[in-house]
Amino acid sequence: MTTLNFNTQAIREGYRMTTEQEHSEAIFMTSSFVFESAEQAANRFSKEEPGNIYARFTNPTVEAFEKKLAALEGAQDCVATSSGMAAIFATIMTLLKSGDHIVASRSMFGTTIVLLNDIISRFNIDISFVDLSDLQAWQNAITQDTKLFLLETPSNPLGHVVDIEALSKISKNHGILLAVDNCLLTPALQNPIALGADIVIHSATKYIDGQGRCLAGAVLGTTDIIEQVHGFVRTTGPSLSAFNAWIVLKGLDTLSLRMEAHSKNAMKMALWLEQQNNIEKVYYLGLESHPHHQLAKIQQSGFGGIVSFEVKGGLKSAFKLINATEIFSITANLGDTKSTITHPASTTHGRLTDDEKSYANISEGLIRLSIGLENIDDLMADISKGL
Ligand SMILES: *Cc1c(COP(=O)(O)O)cnc(C)c1O
């Protein structure tokens, strides 16, 4: 069979009609499934016969989402989880054991850093943090116990990028698994597996839902890896609900259209911000002034919706600008049709120490925008109120 193109897969993959012949995917809101006979129950439990048993294990709506996302990421298999954090936690707890070592990017989602430092570290798993873009630093951090490289590219909020293909050569040489959190670009703009990553992790809460309605997550990779992660999820319980699966499943239909529109709006905003007084610096991968622009242009098929900038005057000016906006929602969430505005130093990155903040370039004047799908002229006018 020929491989279908992205938008066809995004709309058609994983769709399985029931006898009611519904055109939109059904939501199977049920915790358990009934067997035709005692024999069938026994065969399902012994895995002699495939099929549903209990929604913590499998659910048809969840499976439809998993199949579709796997096709879009070019992965053999996918397991959905109740949130992005559940996906990251399940990946680590499945693939590592006491005594193992993780090399992780310093520039990751705040809660991922907290998960590693406060929870994973309690299980005798060592973590070394390195500068995302510095291939030599990844190489140097490897020990004989290293089992996992964990990163997000591009990073949030400043859009640092690592060369996934080059890093995957290092990881493969040492038998290390490379896991990429692809939340910020989604498969519409970046395919880590095609670049050599072993595992892709998603917070589907962000762009995959795309409309701020629910939490969801996913882990993707080879059948062998995903079977293990699925076993962990099935046993420990962070399974995705059928209703939330249906939301993110429908989100995938329009994913590439939305990502294109987010990127287009964000590019316009970044170019406009560069022209304004009272702004020290604009961070957007689409700008030629961004140090990682060239690499992003090769590795990604778009630059995404996150634009960050530093206002002159530090915290006071940043708060004044945020409070002056009337359209932007003041919230830490991102990847929504609604544009959002955040002060990372006091919110998403507030738990970092001053050293970590300064290392990650999270200054007091830094503002992060997640550019939504409103009219861009209205958004620019909204920002100019506080400048
Ligand atoms: C939000 C986010 C997460 C966590 O996802 P939840 O669905 O909120 O648990 C993980 N990684 C990145 C990059 C995120 O932005």
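Being a predicted model, the structure only gives us computed values, none of them experimental.

Engineer: How should I be thinking about the site of the ligand in this particular structure?
Structural biologist: Within the structure, the ligand sits among Ser83, Gly84, Met85, Ile88, Phe109, Glu152, Asp181, Cys183, Ser203, Thr205, Lys206 and Ala216. Within the side chain of Thr205, an N or O atom sits 2.6 Å from an oxygen atom of the ligand. A total of 380 Å² of accessible area belongs to the ligand in isolation, and the protein chains cover 92% of it. Here the ligand occupies the second largest pocket. When residues in the shell around the ligand are grouped by element, the largest group, three residues, is from helix H4 (residues 84–95). When the residues that make up the shell around the ligand are grouped by side-chain class, the tally is five nonpolar, four polar and three charged.

Engineer: Whenever I open this one, the sheet that holds strand S9 (residues 306–311) confuses me. Can you help?
Structural biologist: Pairing between sheet strands relies on hydrogen bonds along the backbone, with the strands arranged either parallel or antiparallel. Strand order across the open sheet formed by five strands is S8-S9-S12-S11-S10, with mixed pairing between neighbours. Two strands bound the open sheet, and with one partner strand each, they are strand S8 (279–283) and strand S10 (329–330). As paired strands, S10 and strand S11 (residues 340–342) are joined by two bridges and run parallel to one another. Within S11, the position partnered with Ile330 by the bridge is Ile341. This element, helix H13 (residues 314–324), spans S9, S10, S11 and strand S12 (366–370) of the sheet and lies at about 130° to S9.

Engineer: Would you mind showing me how to read the sheet that holds strand S2 (residues 101–105) here?
Structural biologist: Here seven strands make up an open sheet; going across it, the order is S1-S7-S6-S5-S4-S2-S3 and the pairing mixed. The sheet is open, and its two edges are formed by strand S1 (77–81) and strand S3 (126–130), each paired on a single side. Averaged over neighbouring strand pairs, the angle between their axes works out to 20° when direction is ignored. Its contacts with the sheet place H4 against S1, S2, strand S4 (146–152), strand S5 (177–181), strand S6 (199–203) and strand S7 (217–221), and it is angled at close to 150° to S6. Strand contacts of helix H5 (residues 110–119): S2, S3 and S4, with the helix running at about 145° to S3, the strand carrying the most contacts.

Rules used throughout
- Residues numbered from 1 in each chain as written.
- Predicted model: local features only at pLDDT ≥ 70, side-chain atom pairs only at ≥ 80, totals over all residues.
- Heavy atoms only, no water.
- Near = heavy atom within 4 Å.
- Polar contact = N/O pair within 3.5 Å; in protein donor to acceptor, adjacent residues only side chain to side chain.
- Areas by Shrake-Rupley, 256 points an atom, 1.4 Å probe, with all protein chains shown as cover.
- 1 Å grid on protein atoms, 1.4 Å probe; cavity = no way out; pocket = protein on both sides within 12 Å on 5 of 7 lines; lining within 4 Å.
- Sits in = over half its atoms within 2 Å of the grid points.
- Helix = DSSP H or I, 4+ residues; strand = E, 2+ residues; numbered from the N terminus.
- Nonpolar A, V, L, I, M, F, W, Y, C, P; charged D, E, K, R; others polar.
- Pairing = 2+ DSSP bridges.
- Contact = heavy atoms within 4.5 Å.
- Axes fitted to C-alpha atoms, helices over the stretch in contact; angles between N-to-C directions.

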